[in-house]
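Each chain, letter by letter, is given below.
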Amino acid sequence: MPDNENGQHRNRGIRASREKLDSALSNSSLERKTQAALAQKIADIEELDAAPKDLVSRIFREVPVDHQSIARVARALNVEATTLYLEAPEPDEGAAAAALKPSEHHAGVRWKRLAPLAAFGLILIAGISFISIPGTRCLVTGPLAGDEADPDKLSIILAHLEGDRGDEMRRLISNAFLSDPSLASEVEILQSCRTIREPKNGNVTNQIQRVRRDGRALLGKSGADMLVWGRVSDANAILRLISTREGSSPVTLDIDGKFLPTEESQITIPVSRTRPEAGIADLKRLSIEFINPESDANGKHRENALQALNSSDNWLEASIASDKNLLQTIEPDTHPTLYRSIAGQLCYKMRLLGDYSVDKSVYEQALNLCQAALEAGPELRPRSQIARIMVNKAAVQTRLNAYAETPDAGNAQLEEANDFLKLADQLISPEEQPQLYGTLHRNWGSVAIRQGERLEGEQRLEAYERGVERIENALNFIDEKGQPLDWAHANQNICVANYRTGITLGAPDGLPYLDSAVAHCNAAREALPMKNAPLDWAMIQNNLAVSYSIRAQLANDPVSLEAAASAFSDAKVVYSKDVRPAKWAEVEANLGELHCNLARMKRDPALLDVGIQHAENAALIFAEYGVEQYEAYARTIISNLNTCKAGAIEDCACT
């Protein structure tokens, strides 16, 4: 169809300046100052299978292209995209929309860069302006009324949202931040009467730069770190961010642990009024991720907040939904590297969700995703990515062995996990990938510990010893401060291996192993406070209580056993029955066995009935979730308790 009154077609898009391109290329860090080298740089950044030489050629020939194409070239040259423009683009809304519609070739490239943000709409802002609401209609005046940000917290300003009648959506967003206990000590919310509107016309490039300039001025005036603004239409809000950063901002880490940049001016976050959870989870993550900390203290607040969000299953579920939607748009045969990256990332996230929910079907989905990632494309490139997926698959199989219907099936799961880790170990080196190497050997040690649980006598002890040796080796490659979660999990795994060794040896030989177990679980708990990672903290707390409990049995110490009961109760603060029923059941089973031993030590038969109730609670939940190995454990506890009731309590056998 014709584009103008004369029936002539117009070239839509933006043209780059050849003179500006040549200058930027000449001043770039590229070893060879050629278009071919520039195309290869883009391919390296975006991990493409082929360098986009045609794209670079078109841009250098001043052919009109979309904004994102010029942004890709600018990123490789380490300059702002707007500095390469030949002229400002026409204020044409259709052209702006067309500029953001990805071609088949570029869609995967852009989404790869924004994989964790798949739930967000990416649009170019057509033109924006700051206005003030007449009078004092907003509920709380913010920095513009004289309030200043708290220098000891990350400060986020919520501007009044255009179209937000009664300030309902902003209150919902504010409450979501303020009611999150993991963020309360790290983040403060300031509310402003200022609104940022989107006019229907104006120069796109200049308007974007101006609104960001004005937004950063507002942040500078208040001392705040992030500005959230947007509009409400019908039942949805569209939110956007302005930080104190100049140019592009790092968004998140990809599966290979590399920062990938994107422009925050192009990110939008939709929040549904009826189902706001996923959108607000995304807003929390992005608003904190984009903050540019100007002090070491703020950097620590940001690190703590992100760590807490990473361990939140609400964020995890929202992120999984985003990645699943994205994966459906990618053909594994056409874009194998991209498909593998997203599928591998999903495998890891589903495994985490399985840990929190104790749901066999979640682990099975994770296993299928890891397998799909490994089957995408014949090449083993990059090797570290393949190794990471193998590690994740082995971690899933290690967990699935608890659901095996027969001992042979469980052993097969562990053997296959062991084989994958052995193969992954051949793909990486501790010098080049120390973090991945540490994670691999920690998981390898966990496999040996699980194998020990299925063995007897000397073979069991040898497996536990092999597991501890591998995990202690892993600790040499894990930074306690930089990787607190990995460090805590490694110590917890050693704790588990040692208390199981203590059980196997009995008293008195097992007591030193129980002392070591308590020490390692305490070290893990101290490295990971509850407010930073509540679910992981509760798991460590549970194992610490088990260590105390077993030590009390070997030493015949009822006081230590009561302390263990208290520690179990602390774990149930996080593992509540309504929210985490399967995890709650694990604690209940442990309390069942604990009360058996406490009844024996105190010669109090009434405690046997308390233990039976705990164990029956656990067995019902384990049966519901299909965790046969754990259900059998709970049923054994019930049987032991009933046997104790029928005989002499001092001769009671509880384990």
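Refer to the preceding data block for the structure.
Conventions used here
- Residues numbered from 1 in each chain as written.
- Predicted model: local features only at pLDDT ≥ 70, side-chain atom pairs only at ≥ 80, totals over all residues.
- Heavy atoms only, no water.
- Helix = DSSP H or I, 4+ residues; strand = E, 2+ residues; numbered from the N terminus.
- Buried < 20%, exposed > 50% of the residue type's maximum accessible area, 1.4 Å probe, protein only.
- Contact = heavy atoms within 4.5 Å.
- Areas by Shrake-Rupley, 256 points an atom, 1.4 Å probe, with all protein chains shown as cover.
- Expected span 1.5 Å × (residues − 1).
- Salt bridge = Lys/Arg side-chain N within 4 Å of Asp/Glu carboxyl O.
- Disulfide = S-S within 2.5 Å.
- Pairing = 2+ DSSP bridges.
- Arc of directions from axis to C-beta.
- Phe/Tyr/Trp six-rings, centres within 6.5 Å; stacked < 30°, edge-to-face > 60°.

Asker: I tried to follow the overall build of the protein on my own but got confused; where do I start?
Answerer: Looking only at helices and strands, the protein has 24 helices and nine strands in total. The buried share of the protein, reckoned over its 655 residues, is 54%. Considering only contacts in the protein between residues 6 or more positions apart, those separated by 24 or more positions represent 70%. For the protein, the accessible area works out to roughly 28,500 Å², and carbon and sulfur atoms hold 48% of it.

Asker: Honestly, helix α15 (residues 407–425) in this entry has me stumped. Any pointers?
Answerer: Within an α-helix, residues lying three or four positions from one another point in the same direction, as the helix has 3.6 residues per turn. Given a rise of 1.5 Å per residue, 19 residues ought to cover 27 Å, and the 27 Å separating the end C-alpha atoms of α15 matches this to within 8%. Those residues of α15 that are buried lie in contact with α13 (360–375), α14 (383–400), α16 (434–453) and α17 (457–475).

Asker: Help me understand the pattern of salt bridges in this model?
Answerer: Proximity of charged atoms lets side chains of opposite charge pair with each other. On inspection of all chains with the given rule, the structure shows 14 salt bridges. Between Glu364 and Lys360 there is a salt bridge, with its nearest N and O atoms 3.9 Å apart. Placement of the pair is Glu364 and Lys360 together in helix α13, with a separation of four residues, close to one helical turn. For Glu364, a relative accessible area of 36% translates into the label partly exposed. In this structure, Glu453 and Arg500 form a salt bridge, with 3.0 Å as the shortest nitrogen-oxygen distance. Residue Glu453 is located in helix α16, and its partner Arg500 is located in helix α18 (residues 484–505); the two are separated by 47 residues in the primary sequence.

Asker: What am I meant to see in the state of the cysteines here?
Answerer: In this structure the tally under the stated criterion is four disulfides. The residue that forms a disulfide with Cys596 is Cys654, at a sulfur-sulfur distance of 2.1 Å. Measuring handedness by torsion sign, the sulfur bridge of Cys596 and Cys654 sits at about -80° and is left-handed. Note that Cys596 is positioned in helix α22 (residues 581–602) and Cys654 in the segment after α24 (628–646), a separation of 58 residues in sequence.

Asker: What is the right way to read the pairing of strand β6 (residues 236–243) from this model?
Answerer: Along a regular strand, successive side chains alternate from one face of the sheet to the other. Counting buried residues in β6 gives seven out of eight residues, a clear majority hidden from the surface. With four bridges joining them, β6 and strand β9 (residues 267–272) adopt antiparallel strand pairing. Counted as the bridge partner of Leu239 is Ile269 from β9.

Asker: Would you mind showing me how to read helix α1 (residues 18–26) here?
Answerer: All of the buried residues in α1 are Leu21, Ala24 and Leu25. Considered in projection along α1, the buried side chains sweep an arc of 100° and stay on one side of the axis.

Asker: I'm lost on unusual backbone geometry in this one. Help?
Answerer: Most peptide bonds adopt trans geometry, and most residues besides glycine take a negative phi value. Along the chain, Ala507 connects to Pro508 via a cis peptide bond; the corresponding omega equals 0°. Checked against the element boundaries, Pro508 lands in the loop between α18 and α19 (511–527). In this structure, Asn556 is a non-glycine residue whose phi angle is positive, near 55°. Along the chain, the position of Asn556 falls in the loop between α20 (534–555) and α21 (558–574).

Asker: Teacher, can you tell me more about the packing of aromatic side chains here?
Answerer: The geometry of an aromatic ring pair is captured by the separation of the ring centres together with the interplanar angle, meaning the angle of the planes. This structure, assessed with the given rule, holds three aromatic pairs. Where Tyr437 meets Phe477, the ring centres are 4.7 Å apart and the plane angle is 65°; that geometry is what we call edge-to-face. In this pair, Tyr437 sits in helix α16 while Phe477 sits in the loop between α17 and α18, placing the two residues 40 residues apart along the sequence.

Scope: geometric values only; no functional claims are made or implied.
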